[in-house]
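# Topology and contacts: notes
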Number of protein chains: 2
Amino acid sequence: MKIDPKNPADLSAQIAKAIRDAIISGALPVDERLPSEAELADQFEVSRPTVREALKRLAAQSLIRTQRGATGGAFVNRLKFEDAYGQQITTSTLLLSMNEISFATACEARYALERACAPLSAKRRTADHLATMRAETHRQAQPGLTDEAFCASDVAFHRALVDAAGNPVLSYQLAGAVEAMQPLMNMITFSARSRERIVQMHTTIADAIEATDGSTADAILAELAEYTQELAQNVISQREAARHTNGAD
Amino acid sequence: MKIDPKNPADLSAQIAKAIRDAIISGALPVDERLPSEAELADQFEVSRPTVREALKRLAAQSLIRTQRGATGGAFVNRLKFEDAYGQQITTSTLLLSMNEISFATACEARYALERACAPLSAKRRTADHLATMRAETHRQAQPGLTDEAFCASDVAFHRALVDAAGNPVLSYQLAGAVEAMQPLMNMITFSARSRERIVQMHTTIADAIEATDGSTADAILAELAEYTQELAQNVISQREAARHTNGAD
DNA sequence: GACGTTTAATTGTCTGACAAATGAAAATTG
DNA sequence: CAATTTTCATTTGTCAGACAATTAAACGTC
């Protein structure tokens, strides 16, 4: 665990990297207590504020947690799936909003990943997952639901579908893809007719999952992917048209 | 952009959250310069070191970049895919190593996701992707290759397969799953016979992708998933046996 | 032995300071 | 006047020392 003292410009980043590498390599096991900030400052021959900046970098990645008090200090954190979810969603959301990712690209990725889950979900779904899917489907059928609420329920439905696969790694990977799509989905205005069709597809998917029929679920998901693209395309076309008539740039 | 001054224990975390929310919401556009550390300290009514800790948290997530000098400061960073890759791989690797994720679970997730790419890769693969897949397959056939080198080439092959789908969101999502598996894969010792079989499957997959035959690629990937599980199972069984004969715990 | 008190260790924050980098403005020079 | 050099102000990076808040262990008291 060494740093390069020749370059006194990136000290806190170097220290963070040194500790991070030690954690990743397993040299620092979970729940191991790091030396106190003062000791680290001595070891690396830097000041305490510099050490603190390094520790904050690691804390931002949930790699360590800190505790005050006599037996306190910084501890190697067991990275929980829920912590990772949050980071993944933040990162995915920013990637999509900052990199001119088209709706089509994001949508394709989301449904491709989701379809990968379908066979597993059909095999392993529990009553709980099915209940969530049914409940969300019912909610989506209620009149007077705002578009945002409809989207949120849509996300909940699809998360239940993914979680039904019973594979936490898949759930983690897909949390980002599904949740990050939500801001994009919120741009779509769902007419009563389109909602009806979506609810019908959700019902069919839930039926298929209940009947452990993965291939039907997969097929409907493919159809849903196409329909979602179609809806988005309509919104985009309408905006284009409005832009031309208004004469705005 | 406000913080709660009543709780003077988490100031830097609160400030980081306030700025992060502003970035995610779009209130702070890309390349926008944040106020200087001194100004932020005034705004939030905290000291400069506290502001700095908050900024370091954001820098660790690649949300901002900093520059010294007269016109320097902290700028909202356009999150690049490559930056996101790195974070995703780090997070995925730690999740797998810290949470007692079984090889079976990780392997299932990886191949499920990869199979989601297969139809798209078959449709869109370029000569470049095919060349990479062929080159890596040839490398894997060379005798005298270490297990680590074989695994690395395996990862390169599968990344080319994923990239061939031409969807950066998919590539990003899968980078984590594929790369994070590598430490687990490295535990497997590949016999000459098993390598031969894997190379053969890779060749068949490359052939299918070249022939834009997504379903064959999918089928072979399923077979490869099963075979990988089988190899891993053998390693685990052998270790169990060795443990019993040695009498170690 | 149970319970309250003290104490030491540790993080969180503050103040003030200096060094290094960097671009802009000012001064100099042809 | 134009080009170049110098100076300077701004900003981040780091340091030193200090105090407050928190926490658990050690201690003393009943």
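Rules used in this analysis
- Residues numbered from 1 in each chain as written.
- Chains lettered and ligands numbered in written order.
- Predicted model: local features only at pLDDT ≥ 70, side-chain atom pairs only at ≥ 80, totals over all residues.
- Heavy atoms only, no water.
- Domains from an automatic or database assignment.
- Near = heavy atom within 4 Å.
- Polar contact = N/O pair within 3.5 Å; in protein donor to acceptor, adjacent residues only side chain to side chain.
- Helix = DSSP H or I, 4+ residues; strand = E, 2+ residues; numbered from the N terminus.
- Nonpolar A, V, L, I, M, F, W, Y, C, P; charged D, E, K, R; others polar.
- Disulfide = S-S within 2.5 Å.
- Least-squares fit on C-alpha atoms with pLDDT ≥ 70 in both.
- Contact = heavy atoms within 4.5 Å.
- Pairing = 2+ DSSP bridges.
- Phe/Tyr/Trp six-rings, centres within 6.5 Å; stacked < 30°, edge-to-face > 60°.
- Buried < 20%, exposed > 50% of the residue type's maximum accessible area, 1.4 Å probe, protein only.
- Lys NZ or Arg CZ within 6 Å of the ring centre and 35° of its normal.
- Expected span 1.5 Å × (residues − 1).
- Buried area = accessible area lost by both parts, 1.4 Å probe.
- Salt bridge = Lys/Arg side-chain N within 4 Å of Asp/Glu carboxyl O.

With domains assigned, chain A is organised as domain 1 (11-76) and domain 2 (82-246). Summarising the inter-unit geometry, the C-alpha centres of domain 1 of chain A and domain 2 of chain A are found 40 Å apart.

With respect to spatial proximity, 27 residues lie near DNA strand D, and among them Leu11(A), Ser47(A), Thr50(A), Ala70(A) and Arg48(B) are the closest. Within 4 Å of the protein, the atoms of DNA strand D are drawn from sugar and phosphate moieties in a proportion of 73%. Within the side chain of Lys56(B), a nitrogen or oxygen atom sits 3.1 Å from a phosphate oxygen of DNA strand D. Between a base oxygen of DNA strand D and a main-chain N or O atom of Ala70(B), the distance comes to 3.3 Å. Counting residues per element, the ones that place at least two in the surface near DNA strand D are helix H1 (11-25) and helix H3 (48-60) of chain A together with helix H3 (48-60) and strand S1 (64-67) of chain B. Residue composition of the surface near DNA strand D, by class: 6 nonpolar, 10 polar and 11 charged.

Before going further, it helps to spend a moment on the state of the cysteines. One pass over the structure, following the stated rule, counts 0 disulfides over all chains. Here Cys151(A) stays free of any disulfide, with the sulfur of Cys107(A) as its closest cysteine sulfur at 12 Å.

Superposing chain A onto chain B takes a rotation of 180 degrees plus a shift of 0.1 Å along the axis, which leaves an RMSD of 0.2 Å. The two molecules are tied by a two-fold rotation axis, judged by turn and shift. Both copies contact each other with a shared surface, as 100% of the interface residues of chain A are interface residues in chain B too.

Looking now at the pairing of strand S1 (residues 64-67) of chain A. All names here are of chain A. Pairing geometry for S1 and strand S2 (residues 73-76), over 4 bridges, is antiparallel. Residue Gln67 lies in a different strand from S2, and its bridge partner there is Gly73. Counting the residues in the hairpin turn of S1 and S2 gives 5 residues, including Gly69, whose phi is positive at 105 degrees.

Turning to the packing of aromatic side chains, a few remarks are in order. Applying the stated rule across the entire model yields 3 aromatic pairs over all chains. For the ring pair Phe150(A) and Phe190(A), a centre distance of 4.9 Å and an interplane angle of 50 degrees mean the geometry is tilted. In this pair, Phe150(A) is assigned in helix H7 (residues 147-163) and Phe190(A) in the loop between helix H9 (182-185) and helix H10 (192-210), connecting sequence segments 40 residues apart. The same class applies to Phe150(A) as to Phe190(A), namely buried. Lying over the aromatic face of Tyr227(A), Arg197(A) brings its terminal NZ or CZ to 4.2 Å of the ring centre. Over the face of the ring belonging to Tyr111(B) we find Arg110(B), whose NZ or CZ atom lies 5.0 Å from the ring centre.

Between its terminal C-alpha atoms helix H7 (residues 147-163) of chain B stretches 24 Å, which fits the 24 Å expected from 17 residues at 1.5 Å a residue. Considered for burial, the residues of H7(B) that qualify are Asp147(B), Phe150(B), Cys151(B), Ser153(B), Asp154(B), Val155(B), Phe157(B), His158(B), Ala160(B), Leu161(B) and Val162(B).

Quick look at unusual backbone geometry now. A positive phi is found at Asp31(A), a non-glycine position, where the angle reads about 70 degrees. As for its position among the elements, Asp31(A) is in the loop between H1 and helix H2 (37-44).

Residue-level contacts link 50 residues of chain A with 50 residues of chain B. Interface of chain A and chain B: buried area, both sides summed, is about 4300 Å²; carbon and sulfur atoms make up 66% of it. Here chain A and chain B share 4 salt bridges between them. Between Glu108(A) and Arg124(B) there is a salt bridge, and its shortest N-O distance comes to 2.4 Å. Our count for the contact surface shared by chain A and chain B stands at 14 residue pairs in polar contact (both at pLDDT 80 or more). If one sorts the elements of the side of chain A that touches chain B by residue count, helix H4 (residues 81-98) of chain A sits on top with 11 residues. When its residues are assigned to classes, the side of chain A that touches chain B shows 27 nonpolar, 13 polar and 10 charged.

All names here are of chain A. Applying the stated rule across the entire model yields 30 salt bridges over all chains. As a salt-bridge pair, Lys17 and Asp21 come within 2.8 Å of each other at their nearest N and O atoms. With Lys17 and Asp21 both in helix H1, this residue pair falls 4 residues apart, about one helical turn. Overall, the relative accessible area of 35% leaves Asp21 in the partly exposed class.

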